[in-house]
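# Examination of the molecular architecture
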Amino acid sequence: MRTSTKAAFLVALTVLAYLPAFRNGFIWDDDAWLMHNRTLEGLNGLFRLWFDLLALQQYYPITGTAFWIQYQLWGFHPLGYHTVNVALHALNAVVFWFVLRKLGLRGAWFAAAVFAVHPIMVESVAWVTEIKNLLSTAFFLGSILAYLNFENLETRDLPRRGNWFVLSLLFFICALLSKSVTCSLPVVIAILIWWKREQIRPADFRPLLPYFLVGLPMGLLTAWLEVHHVGAAGAFFNLEFYQRCIIAGRAILFYFFKLLWPNDLTFIYPRWQVTSAWLLLVPAFVALCLLTLWFLRKRIGKGPFVAAAFFVVTLGPILGFFNGYAMQFSFVADHWQYLSSLGVIALASAFPNVLSGVSRYVRGATLGFVLVALALLTARQCFIYKSEDTVWRDTLLKNPNCWLAHNNLGVNLMEGGSSGGAEEHFRAAVRLNSSFYQAENNLGEVLLARNQVEEAARHNDRSIEIKPTYARSHWNKALILAQQAKCDEAYEIVDQGLQQRPIYLAGVNAFAWLLATSPDERVRKPRGAEELARRCCEATGYANPRFLDTLAAAYASQNQFDRAAETASQAVDYAAQLGQATLACEITRRLELYKTGKGYLSFRR
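Throughout what follows, the structure given in this document is the object of discussion. (Residues numbered from 1 in each chain as written. Predicted model: local features only at pLDDT ≥ 70, side-chain atom pairs only at ≥ 80, totals over all residues. Heavy atoms only, no water.)

Summing up its helical and strand segments, the chain has 30 helices and 0 strands in all. For 605 residues, the compact-globule estimate of 2.2 N^0.38 gives 25 Å, and the C-alpha radius of gyration of the chain, at 27 Å, lies within 12% of that figure. Its C-alpha atoms give the chain principal-axis dimensions of about 85 × 55 × 45 Å. Looking at the chain residue by residue over its 605 residues, the buried ones come to 53%. Looking at the chain alone, contacts between residues at least 24 apart form 70% of all its contacts between residues at least 6 apart. Computed over 55 positive and 43 negative side-chain charges, the separation of the two mean positions in the chain equals 12 Å. (Helix = DSSP H or I, 4+ residues; strand = E, 2+ residues; numbered from the N terminus. Rg over C-alpha atoms; globule rule 2.2 N^0.38 Å. Buried < 20%, exposed > 50% of the residue type's maximum accessible area, 1.4 Å probe, protein only. Contact = heavy atoms within 4.5 Å. Lys, Arg positive; Asp, Glu negative; His and termini not counted. Charge placed at Lys NZ, Arg CZ, Asp CG, Glu CD.)

Once that is clear, we can look at the side chain of Lys 179. Its place among the elements puts Lys 179 in the loop between helix H9 (162-178) and helix H10 (185-196). For Lys 179, a relative accessible area of 12% corresponds to the buried category. A distance of 2.9 Å separates a polar atom in the side chain of Lys 179 from a polar atom in the side chain of Asn 133. Leaving out residues up to four positions away in the same chain, Lys 179 has contacts with Tyr 60, Glu 130, Lys 132, Asn 133, Ser 136 and His 335. (Polar contact = N/O pair within 3.5 Å; in protein donor to acceptor, adjacent residues only side chain to side chain.)

Another point: the packing of aromatic side chains. Scanning the entire structure with this criterion turns up 39 aromatic pairs. Summarising the aromatic geometry, the rings of Trp 513 and Tyr 600 are spaced 5.8 Å apart at their centres and angled 50° between planes, so their arrangement reads as tilted. Remark: Tyr 600 occurs in the segment after helix H30 (581-595) and Trp 513 occurs in helix H26 (residues 505-517); sequence separation between them is 87 residues. Residue Trp 513 is classed as buried on the basis of its relative accessible area of 3%. Relative accessible area serves as the criterion here: at 21%, Tyr 600 is assigned to the partly exposed category. Clustering of aromatic rings is evident, with ring pairs tying together Trp 28, Trp 127, Phe 236, Phe 267, Tyr 325, Phe 329, Tyr 385, Trp 392, Trp 403 and Phe 436. (Phe/Tyr/Trp six-rings, centres within 6.5 Å; stacked < 30°, edge-to-face > 60°.)

Residues separated by three or four positions in an α-helix point in the same direction, a consequence of the helix having 3.6 residues per turn. The first and last C-alpha atoms of helix H4 (residues 61-74) sit 20 Å apart over 14 residues, in line with the 20 Å expected at 1.5 Å per residue. For H4, the full list of buried residues reads Pro 61, Ile 62, Thr 63, Gly 64, Thr 65, Ala 66, Phe 67, Trp 68 and Gln 70. Packing partners of the buried residues in H4 comprise helix H2 (30-33), helix H3 (42-51), helix H5 (78-102), helix H8 (131-150) and H9. (Expected span 1.5 Å × (residues − 1).)

Another point: helix H28 (residues 545-557). In this model H28 runs 18 Å from its N-terminal to its C-terminal C-alpha over 13 residues, within 8% of the 18 Å that 1.5 Å per residue would give. Counting buried positions over the 13 residues of H28 gives 11, a clear majority of the element. On its buried face, H28 sits against H26, helix H27 (526-539), helix H29 (561-577) and H30. Sitting at the head of H28, Asn 544 places a side-chain oxygen 3.0 Å from the backbone nitrogen of Arg 546. Remark: Asn 559 follows H28 within two positions and exhibits a positive phi of approximately 65°.

The next point concerns unusual backbone geometry. In this model, Asp 29 sits at a positive phi of 75°, which is unusual for a non-glycine residue. Position of Asp 29 relative to the elements: it lies in the loop between helix H1 (3-17) and H2. In this model, Tyr 542 sits at a positive phi of 55°, which is unusual for a non-glycine residue. Tracing the chain through its elements places Tyr 542 in the loop between H27 and H28.

For Phe 172, the location among the structural elements is in helix H9. On the basis of relative accessible area, Phe 172 is assigned to the buried category, the value being 0%. For the pair Phe 172 and Glu 440, spaced 268 residues apart in sequence, the C-alpha to C-alpha distance is 44 Å.

Okay, the packing of helix H25 (residues 487-499) against H26 next. Taken N-terminus to C-terminus, the directions of H25 and H26 make an angle of 145°; their axes are 11 Å apart at the nearest point. Note on packing geometry: the crossing formed by H25 with H26 is left-handed. Together, Ala 490, Tyr 491, Val 494 and Leu 498 of H25 and Val 508, Phe 511 and Leu 515 of H26 make up the contact between the two elements. (Axes fitted to C-alpha atoms, helices over the stretch in contact; angles between N-to-C directions. Left-handed = near helix turned anticlockwise from the far one by under 90°.)

Here the focus is the pattern of salt bridges. It is possible for side chains of opposite charge to pair when their charged atoms get near one another. Inspection of every chain in the model, using the stated rule, returns 17 salt bridges. As a salt-bridge pair, Arg 590 and Glu 586 come within 3.9 Å of each other at their nearest N and O atoms. You can see Arg 590 and its partner Glu 586 sitting in helix H30, 4 residues apart, about one turn around the helix. Take Arg 590: its relative accessible area is 4%, and that puts it in the buried class. A residue is classified by how much of its surface remains accessible, and Glu 586, at 16% relative accessible area, is buried. (Salt bridge = Lys/Arg side-chain N within 4 Å of Asp/Glu carboxyl O.)

Here we take up the environment of Leu 281. Looking at where Leu 281 falls in the secondary structure, it is placed in helix H13 (residues 281-295). On the basis of relative accessibility, which here comes to 55%, the residue Leu 281 falls in the exposed class.

Side chains that are nonpolar tend, in soluble globular proteins, to be buried together. Tyr 18, Phe 96, Ile 144, Tyr 147, Tyr 211 and Phe 511 are the most contacted members of the largest nonpolar core, which has 191 residues in total. Here this core gets 11 residues from one element, more than from any other, and that element is H8. (Core = buried A, V, L, I, M, F, W, Y, C linked by side-chain atoms within 4.5 Å.)

Look at Asp 29 and you get buried, because its relative accessible area is 18%. With 360 residues separating them along the chain, Asp 29 and Asp 389 place their C-alpha atoms 13 Å apart.

Let's shift gears to the side chain of Asn 509. Following the sequence through the fold, Asn 509 ends up in helix H26. At 2.7 Å, the side chain of Asn 509 and the side chain of Thr 550 are in polar contact.

Taken together, Phe 47, Trp 50 and Phe 51 make up a surface patch of nonpolar side chains, about 360 Å² in accessible area. Within the secondary structure layout, Trp 50 lies in helix H3. Residue Trp 50 is classed as partly exposed on the basis of its relative accessible area, which comes to 32%. (Patch = residues over 30% accessible without salt bridge, like charges linked within 9 Å, V, L, I, M, F, W, Y side chains within 5 Å. Areas by Shrake-Rupley, 256 points an atom, 1.4 Å probe, with all protein chains shown as cover.)

Relative to each other, H26 and H28 sit at 25°, their axes nearing to 9 Å. In terms of orientation, H26 and H28 fall into the roughly parallel class. Here H26 and H28 pass one another in a crossing that is left-handed. Here Leu 505, Ala 506, Asn 509, Ala 512, Trp 513, Ala 516 and Thr 517 of H26 lie close against H28, whose contacting residues are Arg 546, Phe 547, Asp 549, Thr 550, Ala 553, Ala 554 and Ser 557. For the contact of H26 with H28, the residue count by class is 8 nonpolar, 4 polar and 2 charged. (Parallel < 35°, antiparallel > 145°, perpendicular 65-115°, else oblique. Nonpolar A, V, L, I, M, F, W, Y, C, P; charged D, E, K, R; others polar.)

Structure representation (structure tokens):
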């Protein structure tokens, strides 16, 4: 078949395997990159993406720009984002095939097809936030392909083509600006040079110097931001060097066996205990395996060692030697091996050649069975990422002690009106992690909504004790004090909160809601509610449905029912655009009250 036909088959196979993903919504962390991401708004936001290191969680301006472009095209409709992710994954599969073919691997197409439909990749493809994985890998592979066109790795007789070198370096820079885990690329190219050449010289590696000069600072910048900006510091990260070695060894084996047998794939895996020194046998075993492949290279060829070296080197930045925020939840994650899996999967190119001795039909049926089985597993895995609710429920099914999943599922239940179920999960989160200040605060919120003010105050105080700088707890403290008719103390906290930068708008809105809808006339202050709600709306361009809902309630509390109905209608429209059907229904019920000249009184939503 023609190259274009084979590429089309590869794309079609990828799209078929990921059909369920097109109907998925947004999940955890997508709101931070999209709904709560102010850089998506206008050219000023685009400028900040490139010239403000702290504009996003990490300095990934190309990833941020990809989100900026998509927001201009289809707003917050998830279909567009999922379509782009699947398309990028298909592109990566095709470019991976081109790279393997350029390296002379006969079964290159089959290996690329395995990568396209392997269920390990679902977390990177079906999770909108992980477009950074897809983009960075596309540029990573493009850089390698361009380098292979710049220089023939098997002979020095052919002249180098400088234009390809410039393109390769440009692609590498783009990869770093999409996700800096790709800083391992120059080491990967050095490994490929060693693989393809019988004898190597220092001059063979001289062209890689610019790659190191660009990649090393970007990698170090990311490590610094992860600690000082994202928050990868504290008790969870106080690990001795020997413990980090254990984590690295276990992670390498974990990822390898998940590629071979992708069973019980979990969004957040259990966090290992690494206190026993005996576990140092694990990294020792990994080192022994690498040494064995090294000493066998003359008998079995360099290929297996190269694949293993690629796997370990590209995993290097996330093996635990550098702090990563998610290490407090787990030391491993499926999306962390999206790039590194290419090394092991490349070995699958040998499988069609192993079957070369059997009939064409048996060979085709065997290879087809492998791809179909993997594609079905991928399609099934996509359903897990349908919504936050499905993600957290599946996580708790496989990892019942995941305190983050308990908390986040509780948040979803609380927003859906199930305070009883939310309380159960918040209590579980607090029990599993005694320093989890968000769960303490959330438990306090649930109890306050059920008018259990005293117990709510205890959990709120505990949250502030653990994390004094957590703004949400302080705003909830103001709500509790107001509920206890301690208005002066409550307003003192509010005044302090309004002076902070940035202002915690969700807290301002919650207090405004209380002032607008409280049944207690001592607490209800409609004009103050309007002022605070308007402040929230102005800060978000009158595009946040919750803030508009509060402003409408403040109008209704002042008997301005026409303005209340108009504002509530806008809130319903924005909630529908964001796919927040439950919220839209709630606001619609209040809208009907405003149309009949009635206000809405209730302490909590």
